[in-house]
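Geometric and topological summary
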Amino acid sequence: MYFCTNHALNLKIIPAIFDFVTTQKTIVTIGTFDGVHIGHQKIIKELIEEAKSTNKKSVLLTFFPHPRMVLQKDVSIKLINTIDERAAYLEKLGLDHLIIHPFSKEFSRLTALDFVRDILVNQLNTSKLIIGYDHHFGKNREGNITQLTEYSHLYDFTVQEIPAQDIDEVSVSSTKIRKALTSGHLKTANNYLGYNFSLTGKVVNGKKLGGTIGFPTANIDVSEDYKLIPKTGVYVVKSIINNKTIFGMMNIGNRPTVNGDHQTIEVHFFDFNADLYNESLTVELLYFLRDEQKFDSVNDLVIQLKKDKETSQTYLKNN
């Protein structure tokens, strides 16, 4: 299965729409929700509050793979969250049910009417649908707020549209966050997300050069090829290791000074010494320090790494 089931809270994760069975009325929202950003959070909080106040269950219907990967063969699209990360963020918000439906061409051919009648009404037992601004659904994205409102009268449910969520007069969207991350505007991305963007992967063996120059690193292998990797460069980061917050700096890049031939993600932790090999490590990105550079010698690289460490520690002290 492609998503986590080990959750300490009460989120129930359902692997397909037709596995969801309930006699209780539900409050539902639908969407990809990549990033679970502050705009998404407004919709989900509204959903959860409405469900609690009316003694119903909150249900979020999302899809995997991303519809664009299926319909447009857009394998180049990179997502802010892995499906596991998305589930974890949604759980923190207090959601009752998360349905992760396998998106397929066949599913995309459902008409708006079929979707409303067969999925929303008959399967999910929807009493209220809360959707984001300008939401489209069904075959060729033909369904919109107007059709939903018409069908809601026919099938006895209500529809609430959340207006466009703005931050500093800039509309928040997953696309804008992806662009910010790939262009090094980490602060903008984290502001839009409402939390720190993170990378999770297994710590694997590297060239071990870092240890020989006084900067041992944990090399992280992010296995999900659809996960967005931000702009190459050096970042201030933090991780929770053995229930302790450990700070450090991370390099994303090809290590041009030592003629690297592929991209790596290497983290050097400050004041920390432990074997992390084969451990799963989550790294939160706090601040973009600088672009990746090629130095004339390893010695020049070491001098720069010392400066990076100083700059990182100054940033951490002041933030």
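Here the structure is a predicted model, which means the values were calculated and not measured.

Now for the nonpolar core. Counting residues in hydrophobic clusters, the biggest one holds 57 residues, and the most contacted among them are Phe197, Met250 and Leu281. If you tally residues by element for this core, the top one is helix H1 (residues 38–53), at six residues. With residues near it in sequence (within four places) discarded, phenylalanine 197 still touches Ile80, Leu181, Leu186, Asn190, Lys227, Leu228, Pro230, Val283, Glu284 and Leu285. Within the second largest apolar cluster, 25 residues are counted, among which are Phe107, Leu120, Phe137 and Phe157.

Tallied over the full model, the rule gives nine aromatic pairs. Aromatic side chains phenylalanine 103 and phenylalanine 107 sit 5.9 Å apart centroid to centroid with 70 degrees between the ring planes, which places their arrangement in the edge-to-face category. A single burial state applies to phenylalanine 103 and to phenylalanine 107, both of which are buried. Taken together, a centroid distance of 4.4 Å and an interplanar angle of 15 degrees make the contact between tyrosine 287 and tyrosine 315 stacked. With tyrosine 287 in strand S14 (residues 280–290) and tyrosine 315 in helix H10 (residues 298–318), this pair connects stretches of sequence that are 28 residues apart.

Across the nine residues of strand S11 (residues 233–241), seven count as buried, placing the element largely inside the fold. Inspection of the sheet shows S11 paired to strand S12 (residues 244–253) by nine bridges, in the antiparallel sense. Bridging from a neighbouring strand, valine 237 pairs with glycine 248 of S12. Here S11 hands over to S12 after two residues, with asparagine 242 in that stretch at a positive phi of 50 degrees. Pairing between S11 and S14: five bridges, direction antiparallel. Bridge pairing in S14 places lysine 238 opposite glutamate 284.

Before going further, it helps to spend a moment on helix H5 (residues 112–123). All of the buried residues along H5 are Ala112, Phe115, Val116, Ile119, Leu120, Val121 and Gln123. Packed against the buried residues of H5 are strand S2 (26–30), strand S3 (57–64), helix H4 (105–108), strand S5 (126–132) and helix H6 (145–155). Looking one or two residues past H5, asparagine 125 carries a phi angle of roughly 55 degrees, positive in sign.

So, about the pairing of S5. Consecutive side chains of a regular strand alternate in pointing toward one face of the sheet and then the other. Of all seven residues making up S5, seven are buried, and the element is well covered by its neighbours. Pairing analysis gives three bridges linking S2 to S5, with the strands arranged parallel. If you follow threonine 26 over to S5, its bridge partner there is threonine 126. Sheet analysis places S5 next to strand S6 (residues 158–162), joined by five bridges and oriented parallel. Looking at S6, one finds that leucine 129 is bridged to valine 159. Running through H6, the crossover from S5 to the neighbouring parallel element S6 is right-handed.

With that out of the way, let us pick up the environment of valine 204. Relative to the assigned elements, valine 204 resides in strand S9 (residues 198–204). The spacing of valine 204 and phenylalanine 103 is 101 residues in sequence and 32 Å in space, taken between C-alpha atoms.

Right, let's get into H10. Under the 1.5 Å per step criterion, the end-to-end length of H10 is 30 Å for 21 residues, consistent within 8% with the ideal 30 Å. For H10, the set of buried residues is Leu301, Val302, Gln304, Leu305, Asp308, Ser312 and Tyr315. The buried residues of H10 occupy one face: seen down the axis, they fall within an arc of 165 degrees. In H10, the exposed positions that point more than 90 degrees away from the buried face belong to Asn299, Lys306, Glu310, Lys317 and Asn318.

Taken in spatial order, the six strands of this closed barrel run S9-S10-S13-S12-S11-S14, and their pairing is antiparallel. The sheet shows a mean angle of 45 degrees between the axes of neighbouring strands, taken without regard to direction. Packing against the sheet, H10 makes contact with S11, S12, strand S13 (264–269) and S14, and its axis sits at approximately 95 degrees to S14.

A word on the confidence of the model for the protein. With 92% of its residues at a pLDDT of 70 or more, the protein has an overall mean of 89. Below a pLDDT of 50 lies the segment residues 1–8, which in the model reaches 20 contacts outside its immediate sequence neighbourhood of four places, other chains included.

Quick look at the environment of threonine 62 now. Of note, threonine 62 is situated in strand S3. You can call threonine 62 buried: its relative accessible area is 1%. Along the backbone, threonine 62 and glycine 248 are 186 residues apart, and their C-alpha atoms lie at a distance of 34 Å. Apart from the residues within four sequence positions on either side, threonine 62 is in contact with Gly31, Thr32, Arg86, Leu98, Ile99, Ile100 and His101.

Taken in spatial order, the six strands make up an open sheet running S1-S4-S3-S2-S5-S6, and their pairing is parallel. Of all strands in the sheet, those bounded by a partner on one side alone are strand S1 (12–14) and S6. Shown here is a sheet whose adjacent strand axes are inclined to one another by a mean of 25 degrees, direction ignored. Across the sheet, H1 is in contact with S2, S3, S5 and S6; its angle to S5 comes to roughly 160 degrees. In the packing of H6 onto the sheet, contacts are made with S5 and S6, and the angle to S6 comes to roughly 155 degrees.

About the thresholds
- Residues numbered from 1 in each chain as written.
- Predicted model: local features only at pLDDT ≥ 70, side-chain atom pairs only at ≥ 80, totals over all residues.
- Heavy atoms only, no water.
- Core = buried A, V, L, I, M, F, W, Y, C linked by side-chain atoms within 4.5 Å.
- Buried < 20%, exposed > 50% of the residue type's maximum accessible area, 1.4 Å probe, protein only.
- Helix = DSSP H or I, 4+ residues; strand = E, 2+ residues; numbered from the N terminus.
- Contact = heavy atoms within 4.5 Å.
- Phe/Tyr/Trp six-rings, centres within 6.5 Å; stacked < 30°, edge-to-face > 60°.
- Pairing = 2+ DSSP bridges.
- Right-handed = clockwise from strand over helix to strand, strands pointing away.
- Expected span 1.5 Å × (residues − 1).
- Arc of directions from axis to C-beta.
- Axes fitted to C-alpha atoms, helices over the stretch in contact; angles between N-to-C directions.
- pLDDT = per-residue confidence, 0-100.

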